[in-house]
Amino acid sequence: MSLGSRVERLPHTPAADAGQLPEMVGRARQLREITALLGQGSVAGRALLLSGEPGVGKSVLLGEVARVMAGAGARVLSAVGVRSEAELAYAGLHQLLLPLNDRIERLEDAHRRVLRGALGWGDPVPDGRHVADSVIFLLRQLATERPVFIVVDDLGCFDRASSAVLGFVARRSVGSRIGFLAACRSGVETCSDRAGLTEYELPPLDRDAAEELLGVRFPGLAGPARDHVLAQAQGNPLALVELPAAQRDASADLHDVLPLSLQLRNRHASRVARLPAESRRLLLLLALDGTGDPGVLRAASGDPKALTALSAAESDRLITFDDTNRRFVFRHPLMRVAVVGTSTLTERCQAHRTLAEIRAEAPERRAWHLGRATLVPDERVAALLEEAGQRAGRRGDATAAVATFTRAAELSPRPADRARRLTWAAYLGADGTGELRAASELHVRARCADPDLTGSPLTAATAALLLLNGGDGDIDMAHRLLVEAIETGSHGYDAEDDALIETLHVLRLVCWSGGRDALWAPFHAAIDRLKPTAPPLLRARPDRLTEPRDVSWRAVRRGRGGGHVRRHIDALMHLCLQDFPAGRWEETETLAAEGLRICAGRQYPFFSWYFEYHQALLAAVHGRFEESRSTADRIAQWAMPHGVLAAAAFADHARVLAGLGAGDYECAFRHAVAISPAGRLAPNMLWTCMDLVEAAVHTRRTAEAEAHVRALREAGVAALSPRLALLVAGSAALVAPDDGAVGSFEQALAVPGAQDWPFDLARIRLAYGERLRRMRFVTEARVQLDEAAEVFESLGARPWADRATGELRATRRSRTGAKHGSVILTAQEREIAALAASGMTNKQIGERLHLSPRTVGSHLYQLFPKLGIASRAALRDALTSLPARREPRRG
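Residues numbered from 1 in each chain as written. Predicted model: local features only at pLDDT ≥ 70, side-chain atom pairs only at ≥ 80, totals over all residues. Heavy atoms only, no water.

Undergrad: What is the right way to read the overall build of the protein from this model?
TA: When its secondary structure is counted, the protein shows 44 helices and 9 strands. Burial status across the protein gives 56% buried among its 891 residues. For the protein, contacts bridging at least 24 residues in sequence account for 68% of all contacts bridging at least 6. Surface accessibility of the protein: about 37000 Å² in total, with carbon and sulfur atoms responsible for 52%. (Helix = DSSP H or I, 4+ residues; strand = E, 2+ residues; numbered from the N terminus. Buried < 20%, exposed > 50% of the residue type's maximum accessible area, 1.4 Å probe, protein only. Contact = heavy atoms within 4.5 Å. Areas by Shrake-Rupley, 256 points an atom, 1.4 Å probe, with all protein chains shown as cover.)

Below is the structure:
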C-alpha cells in the first residue's frame, strides 16, 4: 500500500466490526507532506513539530509516521507527555529511554552516571546540559547500528527538564541518522526551545473527508443525526467517531449534548468505569506513574501475573503494549485524563502511596508522590518536599520548585514553617517563572500564615521583585524594603543562610540599577558583617560580574527549555555585554531581540531597557542615528521616574556613540560627562572612558581630556581587564602631544589581546592615522587608515568607515583632483564642500576634519568662485555637476 492510501487507526467501535475497514481517511496529503519533510520515508536527521487541536488526529498520525519509519529500518523510541508529571524532572526522558536500560549500563562511566542520575536510579541529579550531552551521545551510538527515530506525543505536557533535553536533541539531529517528530496542541506553550523544529499545523478534516469517515465507520447514520454530528464535530476525527457511539447509548441524546470537550471526557470515563476494579487500579497506577513500565505494575501487585488484569483495557482499546519499547501506552492522552478523573480521592492517594514505595530510589519522585498521597499536615512529608524543592531550585527548575514548596507549605503543621515555605515559593515564582500574579498570591498567603515573617529578608526580596516587575514601585521603595529587612532580621548575618544570601543578591541588583553611590552603603555594610565570609560573587566589583560565555550559554539553553527565567535574562545580558565590543554584532542583535521577547512575554519589563540599550548601540554604529537617539530617549523617559539611573546612564552612552558617529562631538561630550564628569570615573561604566576623551579632544577641551586620562591612570583601571587596558592606552594616545603621539599610539596597539576588541582597536587606528596625516607622515597614516577602514567595513560601522575613507582621500590630495572646467579641486576641498552641502556648520566640519572653523571658512571662500557659485545653497548642484573622480590605487 502506498503512502498516499495509508490511513490512520481510529478508536474501536462496534460499527467497525462488520468487516475489513480502511485505517485512515482524509490524511493522505498530510502524511505525504510530513514524510517528505522528514526525508521521504527515511531518517535524514530532521526535526518536525506537529501541532493541532485536541482530537484532530495528531497521535494517530504520529503512530502512522512511526510505522513508516520503522518499516524503513529505523529504531523507533517514543514518549507521551503526562500532565500530572509536568513538574517532575526528567519524567518524560524516563519514558523515552526506558527501553535502553541495558545500553545505558554499558556506556562509559561518565555518561552512565549522568543518565542514571537523571532517570532517578540512585546517582545525584546532574546538570541539564550534561544530561543533554549524554542523551545525544547515547542516541548517536545507537544510530551507528541503524537510524533512530524519536516520536514525542503531547509535548506541552512534558516536564521542563525533559523538554530542554528534547529540544537539544532536535537541534543536534541535523545531518545525523537521528530523526525527531513531536506533537503538541495548537496554542499551547511548550517548555522546549522550538529553534530548529519545522512546524506543521494539522488542520481538521474538510467536509468531504468528515463525511467519508462517518460513512465508513457508521454507514447507518443518516439524515439530521448525520448532519448534527458533522456540525458538532467540526472536522475533529475523534469527535466524529465518538459522538455517534454516544448517540446509541440509552442515556444519551445527541440533541442535548454537553460541550464537545466535556462530552468526550464523559465518553472516555464511561469506558473506564466499565472495567473490573483491578484493571482500573492498574490503569490508575499507569496514569499517575507516567512511564508505562510493566515493572511498576508488577511491583505494585506483587504478582508476576497481575498484568493479565489489563487485558480488558487492551480489548477495549484503551491501552496498548508497545513491543519495541516494552511498555504500556494509552491510545490517547484524553484516556489518561479519564482514568484519573473517574478515580476516587482515596484511590488516587493509595496509588500515589504505592508509587512512592516503588520509587524510593528516586528522592524527588518519592517526595512528590508522598505529597500527593498525604491529605493532612505531616512535617516529615513536608520536609521531604522542601528538600526536593531546594534541589529543583538549585538546578534552575523554578516551576517544579514553586509547585514543590507550595505543596510542602500545604502539609506544614506549624504556621512558621508554612509561611517560610510559601515565601520560598513566592520568591522563586517572582524570580524564576515570570508568573507574577501567582507569586503575589503566594506572597500574600505567606504573610497571612505568619505575620511575624512579614519583615523577613526573603519576604522583602519577593516584594522588591514584584515591585520592580509589576510597575507599581521604584528603586527607592525596593531599596528601603530590602535594607530594613536585612538590618532588622534575626538571621545573625549567617553566610550559610540561603534566604539572606538571595536577598543580598536582589539588593545588589537594586543598588546597581539605582546608579547612585549612596545606595551601596547598606549593602557593603551587610557584606562586611557576613560570617564567616561573604560568597565571592557578592564581593565581586559590579564591573567584574561578566561570567564566562559557556556559563551564560548554558543558562540561555536552560531558559529556552523552560528553565529559570531571570537567569536566562541575566545570561542574555552578559552575552550582549561581551558580544558588542567583540564585534559579534549580529549575535548581539539576535540576543537583544530574544531578551525583549522574554521580558515582554514572561512579565519582566524591568529588564527591557538593557536590551533596548544594545539596540540603540547597534543603530548608532550602523549609522541609524535617529533610531538610536529615539531608543535612548525612550529608555531615559522610563528610567528617570523609576529612579533607575543606571538605565539613564546607559542611554547616555548610546547617545555618545551616535554623536561620535555623526560627527556631532559637542553632543557626544555633553552626554559623556552626564555619565561621569571629566576627571571622575563611573565604576559601572568604565568602558565609556575613551568615548569621553575622544569627544573632548574633538571639541578642543584638552584640559578635560587630560584630567580624565589622569584619573584612569591613578585608579589603575588598565589592570582591571584587557579591554580596559586597551581603552586606557587609547585614551592616553589621544591626549599625547605630537612629539610623543607615535609612541603612545604604538603602545596602545601593542596591548595584549587588542585584536579581541575590533571596533575599539579600529577607532584607535583611525585616530592614529588622523594624527599622522596632520603631522604629514602620509605613508604611515595610510597604513593605519587602511586597516581601520577594513575593520569598519567588515563590522558594518558605516559612519566610521566613511570617516576613515575620507581621511585616506585627504592623504592623496596632491595627486587627486576633480576638474570643473579648467579648475581642479583638491580632495580636501571636495570633502569640505560635500560636508557644507550636507548642512554642517563650519565648526562641525572643523571638528570632523581636525581643522579650525576659520580654516574651513577660508577654504569655502576660495571654493565658491572656483565653482561659479555665491552661496552654500548652490553647493549641492555644483558638486553634482562635477565629473566623477577616478580613485588611484592605494600606496
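Now that the structure has been shown, we can carry on.
Undergrad: How should the pairing of strand S2 (residues 75-80) be read in this particular structure?
TA: On any regular strand, side chains alternate: one points to one face of the sheet, the next to the other face. Most of S2 is tucked away: 6 of the 6 residues are buried. Here S2 shows a buried face lined by Arg 75, Leu 77 and Ala 79 and a second buried face lined by Val 76, Ser 78 and Val 80.

Undergrad: Honestly, the sheet that holds strand S3 (residues 148-153) in this entry has me stumped. Any pointers?
TA: In a beta sheet, neighbouring strands pair by backbone hydrogen bonds and run either parallel or antiparallel. Spatially, S2-S3-S4-S1-S5 is the arrangement adopted by the 5 strands of the open sheet, whose pairing is parallel. Sheet topology places S2 and strand S5 (198-201) at the edges, where each strand pairs with a single neighbour. Averaged over all neighbouring strand pairs, the angle between strand axes comes to 15°, with direction disregarded. Against the sheet, helix H1 (residues 28-38) contacts strand S1 (47-52), S3, strand S4 (178-185) and S5, and its axis sits at roughly 175° relative to S5. Packed on one face of the sheet, helix H2 (residues 58-71) meets S1, S2, S3 and S4 and runs near 170° to S3. (Pairing = 2+ DSSP bridges. Axes fitted to C-alpha atoms, helices over the stretch in contact; angles between N-to-C directions.)

Undergrad: Would you take a moment to explain a nonpolar patch on the surface for this structure?
TA: Together, Leu 345, Leu 375 and Val 376 make up an exposed nonpolar region whose accessible area comes to about 300 Å². In this structure, Leu 345 sits in helix H16 (residues 345-358). (Patch = residues over 30% accessible without salt bridge, like charges linked within 9 Å, V, L, I, M, F, W, Y side chains within 5 Å. Salt bridge = Lys/Arg side-chain N within 4 Å of Asp/Glu carboxyl O.)

Undergrad: Hey, could you run me through helix H17 (residues 363-373) in this one?
TA: A turn of α-helix holds 3.6 residues, and therefore any two residues three or four places apart point the same way. Most of H17 sits out of view: 8 of its 11 residues are buried. Listed as buried for H17 are Glu 364, Arg 365, Ala 367, Trp 368, His 369, Leu 370, Gly 371 and Ala 373. The inward-facing, buried residues of H17 abut helix H3 (91-97), helix H12 (277-289), H16, helix H18 (379-394) and helix H19 (398-410).

Undergrad: What exactly am I supposed to notice about the environment of Leu 422 here?
TA: Residue position: Leu 422 is located in helix H20 (residues 415-433). Among the residues examined, Leu 422 registers a relative accessible area of 3% and is labelled buried. Distance from Leu 422 to Leu 442, taken between C-alpha atoms, is 6.0 Å for residues 20 residues apart in sequence. With residues up to four places along the chain from it excluded, the contact list for Leu 422 reads Ala 409, Leu 442, Arg 445 and Ala 446.

Undergrad: Explanation requested: the pattern of salt bridges in the structure shown.
TA: If the charged atoms of two oppositely charged side chains come close together, the side chains can form a pair. Enumeration over the complete set of coordinates arrives at 46 salt bridges. The salt bridge involving Asp 323 is made with Arg 326; its shortest N-O contact spans 3.9 Å. Residue classification places Asp 323 among the exposed residues on the basis of a relative accessible area of 55%. Salt-bridge contacts for Asp 397 lead to Arg 395; the nearest nitrogen and oxygen are separated by 3.8 Å. Relative accessible area serves as the criterion here: at 8%, Asp 397 is assigned to the buried category. Accessibility expressed as a relative area gives 17% for Arg 395, which makes it buried. Three or more residues are tied together by salt bridges with common partners; here these are Glu 379, Glu 386, Arg 414, Asp 417, Arg 420 and Arg 421.

Undergrad: How should the nonpolar core be read in this particular structure?
TA: Burial of nonpolar side chains together is a common tendency in soluble globular proteins. Within the largest apolar cluster, 151 residues are counted, with the highest numbers of intra-cluster contacts made by Leu 504, Leu 530, Ile 569, Phe 759, Phe 792 and Trp 800. Phe 759 has contacts with Pro 581, Trp 585, Val 621, Leu 657, Phe 792, Leu 795, Ala 797 and Trp 800, leaving out every residue within four places of it along the chain. Within the second largest apolar cluster, 41 residues are counted, among which are Ala 47, Tyr 90, Leu 97 and Leu 142. (Core = buried A, V, L, I, M, F, W, Y, C linked by side-chain atoms within 4.5 Å.)

Undergrad: I keep staring at the environment of Arg 558 and nothing clicks. Help me out?
TA: By the element assignment, Arg 558 lies in helix H27 (residues 549-560). Using a relative accessible area of 27% as the deciding quantity, one classes Arg 558 as partly exposed. Between the alpha carbons of Arg 558 and Ala 164 there is a distance of 6.5 Å; along the sequence they are 394 residues apart. In this structure Arg 558 touches Asp 127, Gly 128, Arg 395 and Gly 563, once residues within four positions along its chain are discounted.

Undergrad: Would you explain the packing of H27 against helix H28 (residues 565-579) in this entry?
TA: Geometry of a packed helix pair, given as the angle between the helix axes and the separation of the axes. Close contact between H27 and H28 brings their axes to 8 Å; oriented N to C, the two are set at 140°. Taken together, H27 and H28 sit at an angle that is classed as oblique. Seen along the crossing, H27 lies across H28 with a hand that is left-handed. Residue-level inspection shows Arg 549, Ser 552, Trp 553, Ala 555, Val 556, Gly 559 and Arg 560 of H27 in contact with H28, the latter providing Arg 567, His 568, Ala 571, Leu 572, His 574, Leu 575, Gln 578 and Asp 579. In terms of residue class, the contact of H27 with H28 is built from 6 nonpolar, 5 polar and 4 charged. (Parallel < 35°, antiparallel > 145°, perpendicular 65-115°, else oblique. Left-handed = near helix turned anticlockwise from the far one by under 90°. Nonpolar A, V, L, I, M, F, W, Y, C, P; charged D, E, K, R; others polar.)

Undergrad: Teacher, can you tell me more about the packing of aromatic side chains here?
TA: A ring pair, where both rings are aromatic, is described by two values, the distance of the centres and the angle of the planes. Scanning the model with the defined rule gives 21 aromatic pairs in all. Summarising the aromatic geometry, the rings of Tyr 613 and Phe 650 are spaced 4.7 Å apart at their centres and angled 80° between planes, so their arrangement reads as edge-to-face. On the criterion of sequence distance, the pair formed by Tyr 613 in helix H30 (residues 608-621) and Phe 650 in helix H32 (residues 645-662) is long-range, its members being 37 residues apart. Residue classification places Tyr 613 among the buried residues on the basis of a relative accessible area of 2%. When the centroid spacing of 6.0 Å and the interplanar angle of 70° are considered together, the rings of Phe 759 and Phe 792 count as edge-to-face. Note that Phe 759 is positioned in helix H38 (residues 758-774) and Phe 792 in helix H39 (residues 778-795), a separation of 33 residues in sequence. (Phe/Tyr/Trp six-rings, centres within 6.5 Å; stacked < 30°, edge-to-face > 60°.)

Undergrad: What's the story with the packing of H1 against H2 in this structure? I'm lost.
TA: Direction vectors running N to C along H1 and H2 enclose 55°, while the axes themselves pass 11 Å from each other. Classified by the angle between their axes, H1 and H2 sit oblique to one another. Considering only the axes of H1 and H2, their crossing is right-handed. When H1 is examined against H2, the residues Gln 30, Leu 31, Ile 34 and Leu 38 are found in contact with a partner set consisting of Leu 61, Glu 64, Val 65 and Met 69. The class makeup of the residues in the contact of H1 with H2 is 6 nonpolar, 1 polar and 1 charged.

Undergrad: I would appreciate a short explanation of empty space enclosed by the protein in the present structure.
TA: It is the rolling of a water-molecule-sized probe over the atoms that shows where space remains empty. Counted by the stated rule, this structure contains 7 cavities of 30 Å³ or more. Quantified by volume, the largest cavity comes out at close to 100 Å³. Surrounding the largest cavity, Glu 694, Val 697, His 698, Leu 734, Phe 745, Ala 767, Glu 770, Arg 771, Arg 774 and His 850 form its lining. For the lining of the largest cavity, the elements supplying multiple residues, two or more each, are helix H34 (689-698) and H38. At 4 residues, the largest contribution of residues to the lining of the largest cavity is made by H38. (1 Å grid on protein atoms, 1.4 Å probe; cavity = no way out; pocket = protein on both sides within 12 Å on 5 of 7 lines; lining within 4 Å. Points joined across faces, edges and corners; volume = space filled by probe spheres on them.)

Undergrad: Mind showing me how you'd approach helix H42 (residues 842-849) here?
TA: Taken residue by residue, H42 has Ile 845, Gly 846, Glu 847, Arg 848 and Leu 849 as its buried positions. Immediately downstream of H42, the backbone of His 850 shows phi near 60°, a positive value.

Undergrad: Just to check I follow, could you spell out the side chain of Glu 364 for this structure?
TA: With respect to the helices, strands and loops of the structure, Glu 364 is situated in helix H17. Apart from residues lying up to four places away in sequence, Glu 364 is in contact with Leu 88, Val 125, Ala 388, Arg 391 and Arg 395.

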